[in-house]
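These are the residues of each chain, in order.
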Amino acid sequence: MIETLVTYVTVSARGKPIRTGSRVSGALLTVGRASRCQIHLLDPRVALEHAQIAVSDVGATISAPPGRIRVNGKAVDSAQLVVGDRIEIDPFVIEVAPRTDVALALAVTQVGSTSPTEDPLHRIIRRQRVFPRRRVSYLLFFAVLLGALAAPVALDRLAARNEAPFKPAPRGASALVKLDPMARNFLKAWNPGPLTQSHQVFATDCRACHGAPFEQVRDQPCLACHAMLPEHTPRANLDGPRGHEFATLRCAECHREHKGETAVVHAQDMCAGCHRDIRQSSAKAASENTGDFAREHPPFRLQMTDPAQPGRVQRVRQQAGAALAEHSNLKFNHKFHLDPAGLRTPEGRKRLGCADCHQPNDDGMLMAPVSMKKHCESCHTLAFDPAASRRTLPHAPVEQVAATLRDFYAHQALSRPLPRDAAAGNVAARPGTFVLNYQERQNVLAAANRQAQAVLDELFGKREVCSRCHEVSRIEAEPRWTVAPVRINSEWLPRARFTHARHATMDCVSCHNVAASTRSSDVALPEIGKCRECHVGARPVLGKVTSDCAACHRFHAGEHYWQDGSARKVPGAKK
Amino acid sequence: MRLHRSILAFEGGRYLKWALVVCAASIAAYAWHDPSSVYLRPYGGTALGYTLGTIGALLILWLLLLGIRRRSYASSLGTVQGWTSAHVYLGTSLLVVVSLHCGFEFGWNIHTLAYALMVAVILSGFACLFAYLRFPRFMTENLGDQTLQSLALKIVDIDRLCRKLSLELPDVAATAVERATKTRIGGGMLRELRAPFMPCPARAAAVQLRELGPTLNPEQVQINQQLVSELTRKSALLDRIRMDLRLKALLRLWLLFHVPLSFALLAAVIAHVVSVFYYW
């Protein structure tokens, strides 16, 4: 067994050395701060395992990582130990002592300072300046809360007090007026998004729409400006079990603000919410259930003359395969007029196209009415007397036509030059002063009237000048003929907003196929399937036009005002 | 038992799974949810928007509670390690939840301010996580089996020795050594961060003394050599202290942003929620 004697030399309070010895066994001794080291040097400057001493019967060797130990004043990595050697491990010195019955004897003395009076760290490291994290946190918290919440709310409340009637203005109210632009800037920070273009006039005047705090925007601010807004359907119609849902609908539930500059309201699901089961909202609704255009829209209802009550219109639903008949009291043959070989006209043979008669209105939506004067008269001349081929009748009620004829023939009779023999017998005649007596005048007038009536009968009868286009019938009373009133439909789909102008790229016949139509009772309005060739519902489909409800229908199209339900005053509306 | 376990791997990444579930559920709901067409596009005011907003706000409040929980040493409500793991993962999931809440709608207003603050808090949190996963190892490697205290004691000894040795040398050398013994490190956060890159007086003195060599007598040359080697040792020790200070400063740095910003975020979230319903 190899043993080493380790003697620790300490200094007592009186300055006398105290020796404490201990024997440790083993061939490999570790020197260090750690308590497991056989040579225990308790000082923070010493490494945990600072050096190793290999002990054998023939001698001892110390070794350590570079720069850790000095032997006899020289920095070494390892050294053979002989008696009298001084191993320096700051702050200790280990002397190799003469050995007796052990393999090695060491004396450990602490030469450096043991416990410095001041913390050496403070000499080297400056006192840390602590960042006031907590204070900065609170500061930021309250700054943000003040700027983003308290200030806008305070300014809003002040503005509200200022607006309240019959209350003395708070002190500093005049200052608020000056503050106003700043107040608006504070509130601008709350603005979640740009207003629609027409509402940008309110800028940051939030209170123009937003009333009491924590209350959803009411309708009153909207209706204050939009007083003439038509309602959707009269309140009385909302008698279904779910009618109240619509009755309590706020403007802002469809018209979302702060969502961008264009006020597009695509509210198909809002519409369909009621219209998928319309009887739930309005028990007596005339319309059918509807939803998405692609799948759920019923066939169109055309507005047509009611044959049972001429002069009134009814809406008739199109049905696949079932042809509808129009009762316009006009005869027209599209096939004849669109003859590819052309028509005989005063200007020679001419091929007619749709646009020769049908031109859109100024707003580009509906077609302008076809007029006799503009579209028909150049061929269908109203000349009535072969001897006066440039004289034409007015396209007017029968009475006016008859009166024109009487005027014409009376004038003709009266302005006819006298026969030569009669002139000879009239001695007092001077040019311009020829006078008929009463009976003679009556005779001439009666002859002229007879001729006028005969011509009228011809025009309505044999010659078919009027009856070519009109339904005419003979009556007892003067002027013996009557024309059935013409009721050409101008608006087939009054509840839809169809625009011809936006379909100008299409051929007319792709929707209105009249090439084979020989009667004016044929209805050439396309069925819904024709629209669906291009249009789909609200869900986009590749190569198709996305069309939600608002593409064709208007919500605010009722006959009363939203505000109070009173009847709308529409300029030029039929009574 | 393993001595060290990353907070990221806590309980086999339990909170990673939680966070992934939260994100996946939010994304699925966002994809599935078909906001009423009056809204034109998804935003915070739809049913899903309110739901995601509520989840986000509650998450923010809970994330702030970590500051209280890690000081409540007596609390047995989960381990701080677990809380921190959940804090990291669920905090990151906020990026997804809140982005979907707002429907990617941004502007110059307090609502986007709240979002921007949240992103800033999360990014500073990432910096913190990076620092905590990386720097402690560097600190251990830097100090080895030493402590700042033991390094300082060694430096004090070297200083004493240097002062004694410099007495034998010309005044120029003594002044240089005196300056080197008065080296002080650190102070503010910035000084601590820059410490390793600042000029070291001990190293400068060593260079100066080496240049002094030819002017000295043989006896002084030997002392001078010893002084140079002591000063070089000191500068090496100082470098380790400097690096330790820098690493500690880096560990603290993120908190200077993370904590104050998260308080600003709390205020912005309160302002956001109140303002939205104030002007409903």
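Since we're looking at a predicted model, the values are computed, not measured. The residue count restarts for each chain, going from 1 along the sequence in the order it is written. A letter from A marks each chain and a number from 1 marks each ligand, given out in the order of writing. Side-chain atom pairs in this predicted model are given and counted only at pLDDT of 80 or more, local residue features only at pLDDT of at least 70, and totals for whole chains, interfaces and linings cover all residues.

1. Focus: the environment of C511 of chain A
Residue and element names in this part refer to chain A. For clarity, the threshold we go by: Secondary structure elements are taken from DSSP: a helix is a run of H or I of four residues or more, a strand is a run of E of two residues or more, and numbering for both begins at the N terminus. A residue is called partly exposed when the number of other C-beta atoms within 10 Å of its own lies between 12 and 20, exposed at 12 or fewer, and buried at 20 or more, with C-beta atoms placed from the backbone. Contact between two residues is assigned whenever their backbone-derived C-beta positions fall within 7 Å.
Following the sequence through the fold, C511 ends up in the loop between β18 (481-483) and α14 (528-532). Judged by the 16 C-beta atoms lying within 10 Å of it, C511 falls in the partly exposed class. With residues near it in sequence (within four places) discarded, C511 still touches M506, P526 and K530.

2. Here's the deal with the interface of chain B and chain A
Threshold: Amino acids outside the nonpolar list (Ala, Val, Leu, Ile, Met, Phe, Trp, Tyr, Cys, Pro) and the charged list (Asp, Glu, Lys, Arg) are all regarded as polar, and Gly is one of them.
Across the boundary between the two partners, chain B contributes 49 residues, which contact 51 residues of chain A. Broken down by secondary-structure element, the contributors of at least two residues to the side of chain B that touches chain A are α4 (110-143), α5 (148-166) and α9 (218-278) of chain B. Ranked by residue count, the leading element in the side of chain B that touches chain A is α9 of chain B, at 17 residues. Tallied by class, residues from the side of chain B that touches chain A come to 30 nonpolar, 14 polar and 5 charged.

3. Thoughts on the confidence of the model for chain A
Residues and elements named next belong to chain A. The condition that has to hold: The pLDDT value expresses, per residue, how confident the predictor is, ranging between 0 and 100.
Within chain A, residue pLDDT values average 83, and 89% of them lie at 70 or more. Per-element confidence in chain A is highest for strand β19 (residues 535-536), whose mean pLDDT is 94, and lowest for helix α12 (residues 420-425), whose mean pLDDT is 50. Low pLDDT (under 50) marks residues 423-429, which in the prediction has 3 contacts with non-local residues, meaning those over four places away or in another chain.

4. Considerations on the environment of R252 of chain B
Residues and elements named next belong to chain B. Within the fold, R252 resides in helix α9. Taking the number of C-beta atoms within 10 Å as the measure of exposure, R252 has 18 and is therefore partly exposed. Through-space distance from the C-alpha of R252 to that of F277 is 38 Å; in sequence the pair is 25 residues apart.

5. Some remarks on the nonpolar core
Formally: Nonpolar core, as used here: buried Ala, Val, Leu, Ile, Met, Phe, Trp, Tyr and Cys residues forming one set through C-beta atoms within 7 Å.
Ranked by size, the top nonpolar core spans 37 residues in total, and within it A114, L117, M118, A264, L265 and A268 of chain B carry the most contacts. When residues of this core are traced back to their parent elements, those giving at least two are α2 (133-163) and α3 (173-188) of chain A together with α2 (47-69), α3 (80-102), α4 and α9 of chain B. Top element by residues in this core is α9 of chain B. It accounts for 10 residues. When neighbours within four sequence positions are excluded, A264 of chain B is seen to be in contact with L140, F141 and V144 of chain A together with L117 of chain B.

6. So, helix α1 (residues 14-32) of chain B
Residues and elements named next belong to chain B. Put simply, the test is: Between the first and last residue of a helix there are one fewer steps than residues, each counted as 1.5 Å, and that sum is the expected span. Note that the arc is defined by the directions from the helix axis to the C-beta atoms.
Between its first and last C-alpha, α1 extends 27 Å over 19 residues, near the 27 Å set by a 1.5 Å rise per residue. For α1, the complete set of buried residues consists of Y15, L16, A19 and S26. Projection of α1 onto a plane perpendicular to its axis shows the buried side chains occupying an angular sector of 115 degrees, all on one side. Across from the buried face of α1, at angles greater than 90 degrees, the exposed residues are K17, V21, A24, A28, A31 and W32.

7. Section: the sheet that holds strand β7 (residues 69-71) of chain A
Residues and elements named next belong to chain A. Formally: Paired strands are those between which DSSP finds at least two bridges. Each axis is a line fitted through C-alpha atoms, and for a helix only the stretch in contact is used; angles between axes span 0 to 180 degrees, taken between their N-to-C directions.
If you walk across this open sheet you meet the 7 strands as β2-β1-β12-β11-β10-β7-β8, and the pairing is mixed. In this open sheet, the two edge strands, each paired with only one partner strand, are β2 (17-25) and β8 (74-76). Geometrically, the sheet is characterised by an average inter-axis angle of 25 degrees between neighbouring strands, direction not taken into account. Taken together, the 2 bridges between β7 and strand β10 (residues 86-89) define a ladder with antiparallel strand orientation. Each residue of the ladder has a partner; that of V71, found in β10, is I87.

8. Describing the packing of α2 of chain B against α9 of chain B
Residues and elements named next belong to chain B. Applicable threshold: For classification, angles of less than 35 degrees are called roughly parallel, those exceeding 145 degrees roughly antiparallel, those between 65 and 115 degrees roughly perpendicular, and all remaining angles oblique. With the far helix as reference, a near helix turned anticlockwise by less than a right angle produces a left-handed crossing, and one turned clockwise produces a right-handed crossing.
Contact geometry of α2 with α9 gives a least axis separation of 11 Å together with a crossing angle of 150 degrees. Taken together, the axis directions place α2 and α9 in an arrangement best described as roughly antiparallel. Crossing of α2 over α9 shows left-handed handedness. Across the interface between the two elements, A57, I60 and L64 of α2 pack against S262, L265, L266, V269 and V273 of α9. Taken together, the residues of the contact of α2 with α9 break down into 7 nonpolar, 1 polar and no charged.

9. Concerning helix α7 (residues 268-275) of chain A
Buried residues of α7 of chain A: Q268, C271, A272, C274 and H275 of chain A, and no others. When α7 of chain A is viewed along its axis, its buried side chains cluster within an angular range of 165 degrees and face the same direction.

10. Side note on the domain arrangement of chain B
Residues and elements named next belong to chain B. How we decide: Reported domain spans reflect what an automatic or database domain assignment gives.
With domains assigned, chain B is organised as domain 1 (7-143 + 253-278) and domain 2 (148-250). For domain 1 versus domain 2, the distance between C-alpha centres works out to 48 Å. Taken together, the contacts link 7 residues of domain 1 with 7 residues of domain 2. Per-element accounting of the side of domain 1 that touches domain 2 gives the leading share, 6 residues, to α4.

11. Concerning unusual backbone geometry
Residues and elements named next belong to chain A. Cis rather than trans, the peptide bond between D90 and P91 has omega equal to 0 degrees. With respect to the secondary-structure elements, P91 resides in the loop between β10 and β11 (92-97). With an omega of 0 degrees, the peptide bond between E478 and P479 qualifies as cis. Within the fold, P479 resides in the loop between β17 (472-474) and β18. For N329, which is not glycine, the phi dihedral falls at a positive 60 degrees. Within the element layout of this structure, N329 appears in the loop between β14 (313-317) and α9 (334-337).

12. Observations regarding the packing of α2 of chain B against α3 of chain B
Residues and elements named next belong to chain B. Relative to each other, α2 and α3 sit at 155 degrees, their axes nearing to 9 Å. Here α2 is positioned roughly antiparallel relative to α3, judged by the angle of their axes. For the pair α2 and α3, the sense of crossing is left-handed. Here α2 contributes G49, L52, G53, I55, G56, L59, L63, L66 and R69 to the contact with α3, which in turn contributes V80, W83, T84, H87, L90, G91, L94, V97, V98, L100 and H101. Broken down by class, the residue content of the contact of α2 with α3 amounts to 12 nonpolar, 7 polar and 1 charged.

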